[in-house]
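# Chain and residue survey
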Amino acid sequence: MNSLDSVQSIFRDIFDDPDLEIDASTSPGDIAEWDSVAHLKIVLALEDAFDGQFSASDLTEFCNVGDFLRALENTNSTVPVR
Amino acid sequence: MASPEQLIISVLQRPTTTPRKTVELAMHLAVEARCERALEERLADHRGMIAAWARASLVERLDGDIVAEPFWERVVTDRGCEVPDALLKRARVAARTGRRDDAVALLTTALNCGVDYEFLTRAEALVWKCKPHLVTRGTVRIALVGSSTTALLRSVLQCLCLRDGLDPVFYEAPFGAYTQELIFDGAGLDAFAPDFTFILLNWRDLALPHICTAAMVDNEVARVLTLWQGALKKTKSRVIHASFVPPAEDPYYGLSSGRPEGRIASIHAVNASLRLEAPDRVSVLDCERMAEVHDASWEDPTQWSSAKLYPSTSALPTLAEQVLSVVRADRGFNRKLLLLDLDNTLWGGIIGEDGLGGIRLGPPSAQGERYQHLQSYLKALTTRGVLLAVVSKNNPDDAAEVFLRHSSTVLRLEDFVAFRANWTEKARNIQSLATDLRLGLDSFILLDDSPSERRAVRRELSDVLVPEISGEPSETVAWLERTLHLQTLRLTAEDTARTSSYAAANQAHILRLSSASMDDFLNELQMQIEYGDVTTETVGRVTQLINKTNQFNLTTVRYSEDDVREKMNPAEWFFRWYRVRDRYADHGLVAVLLARKGPDWDLTQWLMSCRVIGRNIEAFMLADLLCQAKRAGASSIRGQFVPTSKNHLVKDLLPRLGFVPDGLADGYVLDVQAAPIPACSFIAESHSCAAI
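Residues numbered from 1 in each chain as written. Chains lettered and ligands numbered in written order. Predicted model: local features only at pLDDT ≥ 70, side-chain atom pairs only at ≥ 80, totals over all residues. Heavy atoms only, no water.

## Focus on the overall build of chain B
What counts is decided by this rule: Under the scheme used here, helices are H or I runs from DSSP no shorter than 4 residues and strands are E runs no shorter than 2 residues, and both carry numbers assigned from the N terminus. Any two residues having at least one pair of non-hydrogen atoms within 4.5 Å are treated as being in contact. Surface exposure here means Shrake-Rupley accessible area, sampled with a 1.4 Å probe, where a residue is shielded only by the protein chains that are shown.
On a plain count of helices and strands, chain B comes out with 30 helices and 18 strands. By principal-axis analysis of the C-alpha atoms, chain B measures approximately 95 × 70 × 60 Å. In chain B, the proportion of contacts linking residues at least 24 apart, taken out of those at least 6 apart, comes to 69%. Surface summary for chain B: the accessible area is close to 30,500 Å², and the carbon and sulfur share equals 52%.

## So, the overall build of chain A
As a reminder of what qualifies: Buried means the residue's accessible area, taken with a 1.4 Å probe over protein chains only, is under 20% of the maximum for its type, while exposed means over 50%, and partly exposed covers the values in between.
A tally of regular secondary structure across chain A gives three helices and zero strands. Moving toward the C terminus, one meets the helices and strands of chain A in the order α-α-α. By residue count, 43% of the 82 residues in chain A fall in the buried class. Counting contacts in chain A only where the partners sit at least 6 residues apart, residues at least 24 apart contribute 46% of the total.

## What to know about the interface of chain B and chain A
Selection rule: Defined here as a combined quantity, buried area equals the accessible surface (1.4 Å probe) lost by two parts on assembly, summed across both. A carboxyl oxygen of Asp or Glu within 4 Å of a side-chain nitrogen of Lys or Arg is what we treat as a salt bridge. Note on residue classes: Ala, Val, Leu, Ile, Met, Phe, Trp, Tyr, Cys and Pro are nonpolar, Asp, Glu, Lys and Arg are charged, and everything else, Gly too, is polar.
Counting from both sides, the interface comprises 30 residues of chain B and, opposite them, 18 residues of chain A. Carbon and sulfur atoms make up 54% of the surface buried where chain B meets chain A, a total of about 2,000 Å² over both sides. If you look at where chain B meets chain A, you find six salt bridges. Ionic pairing is found between D5 of chain A and R61 of chain B, a salt bridge with its closest N-O pair at 3.5 Å. Going through the elements one at a time, α2 (19–32), α6 (84–96), α8 (117–129), α10 (151–163) and α17 (301–307) of chain B are the ones with two or more residues in the side of chain B that touches chain A. If one sorts the elements of the side of chain B that touches chain A by residue count, α8 of chain B sits on top with eight residues. Here the side of chain B that touches chain A is composed, by residue class, of nine nonpolar, eight polar and 13 charged.

## Focus: α6 of chain B
Threshold: Each helix should span, by expectation, one fewer than its residue count multiplied by 1.5 Å.
For α6 of chain B, spanning 13 residues, the distance from its first C-alpha to its last is 18 Å, which sits close to the expected 18 Å at 1.5 Å a residue. Burial in α6 of chain B covers these residues: D85, A86, L87, L88, R90, A91, R92, V93 and A94 of chain B. Residues of α6 of chain B that are buried sit in contact with α1 (3–14) of chain A together with α2, α4 (49–63), α5 (65–73), α7 (100–111) and α8 of chain B. Remark: G98 of chain B follows α6 of chain B within two positions and exhibits a positive phi of approximately 80 degrees.

## A short note on the packing of helix α22 (residues 426–437) of chain B against helix α23 (residues 451–460) of chain B
All names here are of chain B. Keep this limit in mind: Here an angle of 0 to 180 degrees is reported between the N-to-C directions of two axes, which are lines fitted to C-alpha atoms, with helices fitted over the stretch in contact. Orientation is classified from the angle alone, with under 35 degrees giving roughly parallel, over 145 giving roughly antiparallel, 65 to 115 giving roughly perpendicular, and any other angle giving oblique. Crossings are assigned a handedness: left-handed for a near helix turned anticlockwise from the far helix by less than a right angle, right-handed for a clockwise turn.
Where α22 contacts α23, the axes come no closer than 9 Å and their chain directions differ by 50 degrees. With respect to their mutual orientation, α22 and α23 come out oblique. Taken as a pair, α22 and α23 cross one another with a handedness that is right-handed. Residue-level contacts link K426, A427 and I430 of α22 to E453, V457 and E460 of α23. Class assignment for the residues of the contact of α22 with α23 results in three nonpolar, no polar and three charged.

## Digging into the sheet that holds strand β6 (residues 337–340) of chain B
All names here are of chain B. The cut-off we apply is this: Strands are labelled as partners when DSSP assigns at least two bridges between them.
If you trace the four strands from one edge of the open sheet to the other, you get β8-β7-β6-β9, paired in parallel fashion. Strands at the two margins of the open sheet, each flanked by one partner only, are β8 (416–422) and β9 (444–447). If you compare each strand with its neighbour and ignore which way they point, the axes differ by 15 degrees on average. Relative to β8, strand β7 (residues 387–393) is paired through six bridges, and the arrangement is parallel. What sits directly across from L388, in β8, is F416.

## As for the sheet that holds strand β5 (residues 282–285) of chain B
Residue and element names in this part refer to chain B. Strands sit in the order β2-β1-β3-β4-β5 across an open sheet of five strands; the sheet is parallel. Two strands close off the open sheet at either side, each with one partner strand: β2 (167–172) and β5. Averaged over all adjacent pairs, the angle separating strand axes in this sheet is 20 degrees, with direction ignored. Taken together, the four bridges between strand β4 (residues 238–242) and β5 define a ladder with parallel strand orientation. Bridge assignment links V239 to a residue of β5, and that residue is V282. The sheet strands contacting helix α13 (residues 214–234) are β3 (196–200), β4 and β5, and the helix crosses β4 at an angle near 155 degrees.

## Focus on the environment of R12 of chain A
All names here are of chain A. Convention followed: In the analysis that follows, any N or O atom pair within 3.5 Å is treated as a polar contact, provided that within protein one partner can donate a hydrogen and the other can accept it, and provided that, for residues neighboring in sequence, both atoms belong to side chains.
If you trace the backbone, R12 turns up in helix α1. Excluding residues that lie within four positions of it along the chain, R12 makes contacts with D17, P18, D19, L20 and E21. In terms of polar contacts, R12 uses its side chain to reach the backbone carbonyl oxygen of L20, at 2.9 Å.

## Regarding the pairing of β7 of chain B
All names here are of chain B. The cut-off we apply is this: For crossovers, right-handed means that the path from the first strand over the helix to the second runs clockwise, given strands pointing away from the viewer.
Burial runs high along β7: five of the seven residues are buried. In this structure, β6 lies alongside β7, joined through four bridges in parallel fashion. Each residue of the ladder has a partner; that of L338, found in β7, is L388. A crossover links β7 with its parallel partner β8, the connecting element being helix α21 (residues 396–405), and its sense is right-handed.

## So, the confidence of the model for chain A
When pLDDT is low, close inspection of the predicted coordinates is not appropriate. Stated precisely, the cut-off is as follows: Values of pLDDT, which run from 0 to 100, indicate the predictor's confidence residue by residue.
Of the residues in chain A, 80% have a pLDDT of 70 or more, and the chain-wide mean is 80. At the low end of the mean pLDDT range in chain A sits helix α3 (residues 65–75) of chain A, at 81; at the high end sits α1 of chain A, at 86.

## Some thoughts on unusual backbone geometry
Residue and element names in this part refer to chain B. Looking along the chain, the bond that leaves Y310 and enters P311 is cis, with omega of -10 degrees. Looking at the element boundaries, P311 is found in the loop between α17 and α18 (316–331). P363 connects to P364 through a cis peptide bond whose omega is 10 degrees. Structurally, the position occupied by P364 is in the loop between α19 (351–354) and α20 (366–383). Positive phi values are uncommon outside glycine, yet R34 reaches one of about 50 degrees. Looking at the element boundaries, R34 is found in the loop between α2 and α3 (36–43).

What follows is the structure in structure tokens.
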């Protein structure tokens, strides 16, 4: 279960759809109920699930699921050194 | 080397944050290690909520949510209470498979658990889908007018309205345009015609600098009053206003709350004036108090700056419950009567098995004190019109005896409008009680620690609200405070008269105390002492006191319970317990005196719990001892102070009470026939239970 799985389970709860499949390219255009309020709810739920806080400037810049995943990587304390 | 399953189970055995997050972590590990099935099989041998939760999650992932449903049913706390997240999972399956009544029952039970914001986010979409089956009480039109983002508050309110059978229709005023909306004509508020207008402002909206003038405060009060007038004139709605919570930070480091012109004090002054000025159709919510008791911070600086959220999301459910309690009270939908189970709900233990001396109610048991406090809380509810009734599976005589004879009971038989202690099914008792009292089942709440009774009543009588409480008294009070199902719009004139006379008495008390002598202080306490010979009923507490009292303890000789029992023989021993109550509290059995009888009596034990030290209770004990010694024709009482590292307090006890040194080290003697019996006029009342 990677980050995408966790994000997916949050999406499934928020949109009450157990079969919802998302990937990095999923954007508000793909889910009818994904409006600005839902967007805010997703951000807050992700912050709660990952015990992190996105920087305030990030919030408006998330355009799709991939943006969430990249931001989560940045909030996590352990990042592999290349 | 441990297998991955073993390692993951050890994670589950040491939960770090919430159970939910612990399980999520375990799931993550199981997927990475590809051991989901092996872990699931292993967890079958483990008990406890978290193990059951992890197992249900694994089955759901491996075999789908329908197969997982019975596994979610096993996710309950160690005291048998349902877990909101497990209820939500079951509700989802029930809704998807067409069992609508089940889904509604599961959802409402979960939403009545006092759930947090994150849970509501997860539940919201499902609640919305179940709306047609939840609504039983019609529509309610709510306008949200504020200076912050109200969208999330709206979501939370929506869930809670639907839980309570109300179909909410919302109007959200354009962001930040509250003045225009409330005062100027032609704005959307007029057309919406709300039943309720909730005005949510915060301290930033008050133009108050760090040091203010009285005129500034008056000005802000007048401005808010104008907003209320606008809403009252434009609409027929009840106005609900959130009082202003002072900011968490204060560059004056608290000094500004101590000065009337400081900003913090000024914000409180604005709130106080608004409460005084509030017309009948305005309800002012006490947000200062909500903020104080809220377990996280009321505001979140990041949430404010990034999304203009006020208060913080964690505070939204608390605020929404308050708003909703006013909505329900206005519509007459609040509850009026508490049905109370007895064993492990109003006291600890089982009266039919443990007996009057064995149940935990009042001191010295810590849990007993919490039950006593719960009883005081319930008693206070009755003074504002809430009705109490007993519904318990018990022998009626056993049950009544507690309220008639237990020395720590706060509730009395006359506090109950009905007393159904019998062996009939609870649902039938409740049904007949509703008929007798001519009250609807939808005005009842049942407080019961038994999971099976709760489930049965919920199944039979779905209108009765049955919260998931474990019977732990502090949880019961917290639930009542959180969900406010007993809210009324205002206190009646009678309620407030009663309260103000208490306030006056209390004020006088403070004044007197501040200038009083020790005698006045003791008189003010209105102490009542009850005392008697040590018997089987009191042997437990007496043994405990003998073994744990360190400070006020003349000899510090420890006894086993058998030692104590040996001395329960009035022919040889004078062995007394003393119980103290005052106008503030019942301190319970707090002192013990033991002397060997004979021509000369020997003081063997003299000890007192530290909760009542400094009240001259020792004078009363000496009076009792001396009376009995005189009556028995003893010539003297001998005593010895045995010093320890902790009992300096009683070094001079005996000489202070008139004993004289007898020549031995720390030994004293009192001439029984010559010694006067100490006057104890500061004891308001004493009552002997001794068989003399």
